[in-house]
Protein chains: 2
Amino acid sequence: MNAELTQHLEDVQDDLVRMTQLVGSAMNRATQALLDADLAMAESVIAADAQVDLLFSDLEDQCLDAIALNSPSRGELPELIGALRIAASLERMGDLAEHVAKQARLRYPRLSIPQELRGTFAEMGGLAEAIVSKTGSVISSKNVALAADIGRHDGEVDRLHRELFTIVLSPAWPHGVEAAIDVTLLSRYYERYADHAVSVTRRVITIVTGEPYVGVSL
Amino acid sequence: MNAELTQHLEDVQDDLVRMTQLVGSAMNRATQALLDADLAMAESVIAADAQVDLLFSDLEDQCLDAIALNSPSRGELPELIGALRIAASLERMGDLAEHVAKQARLRYPRLSIPQELRGTFAEMGGLAEAIVSKTGSVISSKNVALAADIGRHDGEVDRLHRELFTIVLSPAWPHGVEAAIDVTLLSRYYERYADHAVSVTRRVITIVTGEPYVGVSL
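Residues numbered from 1 in each chain as written. Chains lettered and ligands numbered in written order. Predicted model: local features only at pLDDT ≥ 70, side-chain atom pairs only at ≥ 80, totals over all residues.

Observations concerning the packing of helix α1 (residues 3-36) of chain B against helix α2 (residues 39-70) of chain B
Between two packed helices, both the angle of their axes relative to each other and the distance between the axes serve to describe the pair. All names here are of chain B. How we decide: Axis lines are fitted to C-alpha atoms, over the contacting stretch for helices. Their N-to-C directions set the angle, which ranges from 0 to 180 degrees. The numbering of helices and of strands both runs from the N terminus, where a helix is a DSSP run of H or I of at least 4 residues and a strand a run of E of at least 2. Throughout this description, any angle smaller than 35 degrees is read as roughly parallel, any larger than 145 degrees as roughly antiparallel, any in the 65 to 115 degree range as roughly perpendicular, and the remainder as oblique. Each crossing gets its handedness from the near helix: less than a right angle anticlockwise from the far helix is left-handed, clockwise is right-handed. For this classification, Asp, Glu, Lys and Arg are treated as charged, while Ala, Val, Leu, Ile, Met, Phe, Trp, Tyr, Cys and Pro are nonpolar and the rest, including Gly, are polar.
Where α1 contacts α2, the axes come no closer than 10 Å and their chain directions differ by 165°. When the interaxial angle is binned, α1 and α2 end up roughly antiparallel. As α1 packs across α2, the resulting crossing turns out to be left-handed. Across the contact of α1 with α2, the residue classes tally to 17 nonpolar, 6 polar and 7 charged.

Okay, structure coming up:
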């Protein structure tokens, strides 16, 4: 690989890590907005998503420039195209954080979730934070050993997602249909956020090992 | 553009059109499975999604081959990269059809939706069919005038989606929490299917006109 292409790829990688930081912070703050019915926090998450979209669009331009200027070989292309796929997943994670914030805003000044489920959503938020932070490390260090951690956290998110389903469907659920739908959609946003992070990790592994990409059902 | 690259792009375009046909047929049959609680139909949709995934993966290889073999110019790249983005949206539309089929399977032998909402879901299915068929035409003919039709159909899907929300949240809703969640998730699958088709159309317009891509909030 020529020096210019290597430099391009390093710049792209820096931007991908920056995207993980932005969408990590967005989901963190969205969770806070959800747990505290904090309107200002929700609004700030919604406003900040434009930054992620801009970085995504810049990154696409960068990758196209890198390809046009360096005529990469067939073996060098998967890393560049993989970066575009990773950026698309990260952009989508930003949207999911924004969805959580919009749900918090929709029910303001009420809490969007029943008091007794705050702990479960706090846990989901904590797992999302761990997952996205480790995803950033996988991208920057190519340390694919972290993939096992990410997979385990994702399994925890799935377990909480199923648990919430069971709770809202129980005959003893006292909060009615609207709250049940709110909880279901919110839980699904966290679950898909985690799935996208797993998909990013698998893309990095594909690039590092050259093994075929195994898709995640999103 | 050299003759070989032109040929590559024509092959890619044929595969994209073929993908619209597969995911169109999948959503059609998923709707049928949903309306009639038809387990065999649901299973066939779920099994067929592997074909879409395979076509998607072939298409990515084709695009990478085309880039590596032809060193396209900066101006030629957006069409190739756009094709990858379009393929990713179509693959996702296949997943959403599969989600509808899985929901039908989950409640079999019961209907997954209350009898009185069958008409609304049939309408959503019809709109999805019109949308994906026109999306195929936009890709093959580059006739971007169809975009207005697709946008209008998408607006109709959004209206039905909101209408279903209002129905399940009404105090008179007699079917309980589980049915409300089923209807909400199903309605969301159709709504997102339509949004992805709009996103595909916008990508084609970007390629044809050279105007910047305007994202769809998915």
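Comments concerning the interface of chain A and chain B
Formally: Two residues qualify as a contact pair if the distance between their C-beta atoms, derived from the backbone, is within 7 Å.
The interface is formed by 25 residues belonging to chain A together with 25 residues belonging to chain B. Going through the elements one at a time, α2 (39-70), α3 (77-107), α5 (146-169) and α6 (176-209) of chain A are the ones with two or more residues in the side of chain A that touches chain B. Top contributing element to the side of chain A that touches chain B by residue count: α3 of chain A, with 6 residues. Within the side of chain A that touches chain B, the residues separate by chemical class into 15 nonpolar, 5 polar and 5 charged.

Here's the deal with the nonpolar core
For the record, the criterion: In this description, a nonpolar core means buried residues of the types Ala, Val, Leu, Ile, Met, Phe, Trp, Tyr and Cys, linked to one another by C-beta atoms lying within 7 Å. Exposed residues have 12 or fewer other C-beta atoms within 10 Å of their own C-beta, buried residues have 20 or more, and residues in between are partly exposed; the C-beta atoms are placed from the backbone.
Counting residues in hydrophobic clusters, the biggest one holds 125 residues, and the most contacted among them are V23, A30 and A97 of chain A together with V23, A30, A97 and V100 of chain B. Leave out the neighbours within four places in its chain, and V23 of chain B touches V52, L90, M93, G94, A97 and V132 of chain B.

Brief notes about the relation of the copies chain A and chain B
Both copies of the chain are related by one operation, a rotation about an axis with a shift along it. The line we're drawing: Each copy is superposed on the other by least squares, with the fit set by C-alpha atoms of residues at a pLDDT of at least 70 in both.
Each copy of the sequence occupies a distinct position, and chain A is placed on chain B by a rotation of 180° and an axial shift of 0.0 Å, giving an RMSD of 0.0 Å. Here the transformation between the copies is reduced to the relation of a two-fold axis. Counting the interface residues of chain A, we find that 100% of their copies in chain B are interface residues as well, pointing to one common contact surface.

Quick word on the confidence of the model for chain A
For clarity, the threshold we go by: Across the chain, each position has a pLDDT score giving the predictor's confidence in that residue, from 0 to 100.
The predicted model of chain A has a mean per-residue pLDDT of 95, with 98% of residues at 70 or higher. Scored as a complex, the prediction yields pTM 0.93 and ipTM 0.89.

Focus: the packing of helix α4 (residues 118-141) of chain A against α6 of chain A
Residue and element names in this part refer to chain A. Taken N-terminus to C-terminus, the directions of α4 and α6 make an angle of 15°; their axes are 10 Å apart at the nearest point. With respect to their mutual orientation, α4 and α6 come out roughly parallel. As α4 packs across α6, the resulting crossing turns out to be left-handed. Touching F121, M124, L127, A128, I131, V132, T135, V138 and I139 of α4 are L186, Y190, Y193, A194, A197, V200, T201 and V204, all from α6. Its residues assigned to classes, the contact of α4 with α6 shows 15 nonpolar, 2 polar and no charged.

Some remarks on unusual backbone geometry
What you tend to see is this: most non-glycine residues have negative phi, and most peptide bonds are trans. Note the cis peptide between Y108 of chain A and P109 of chain A, where omega equals 5°. Within the secondary structure layout, P109 of chain A lies in the loop between α3 and α4. A positive phi angle is found at A37 of chain B, which is not glycine, with a value near 45°. Summarising the element assignment, A37 of chain B is placed in the loop between α1 and α2. Overall, A37 of chain B belongs to the partly exposed group, with 17 C-beta atoms counted inside 10 Å.

Some thoughts on α2 of chain B
Two residues of an α-helix separated by three or four positions point the same way, owing to the 3.6 residues in each turn. We count it as follows: Take the residue count of a helix, subtract one, and multiply by 1.5 Å to get its expected span.
When the terminal C-alpha atoms of α2 of chain B are compared, their 47 Å separation across 32 residues agrees well with the 46 Å that a helix rising 1.5 Å per residue should span. Turning to α2 of chain B, its buried residues number three or more, namely M41, A42, V45, D49, V52, L55, L59, C63, A66 and I67 of chain B. Of the surrounding secondary structure, the elements contacted by the buried residues of α2 of chain B are α2 and α3 of chain A together with α1 and α3 (77-107) of chain B. Just downstream of α2 of chain B, S71 of chain B is the residue with a positive phi angle, here 35°.

Structural notes on the environment of V138 of chain A
Residues and elements named next belong to chain A. Summarising the element assignment, V138 is placed in helix α4. In the structure, V138 is positioned 63 residues away from T201 in sequence and 6.8 Å away in space, judged by C-alpha atoms. For V138, the residues in contact, after removing those within four places along its chain, are N143, V144, L146, A147, T201 and V204.

What to know about the environment of A122 of chain B
Residue and element names in this part refer to chain B. Structurally, the position occupied by A122 is in helix α4 (residues 118-141). Take A122: there are 14 C-beta atoms within 10 Å of it, and that puts it in the partly exposed class. Residues A122 and L34, 88 residues apart in the sequence, show an inter-C-alpha distance of 9.2 Å.

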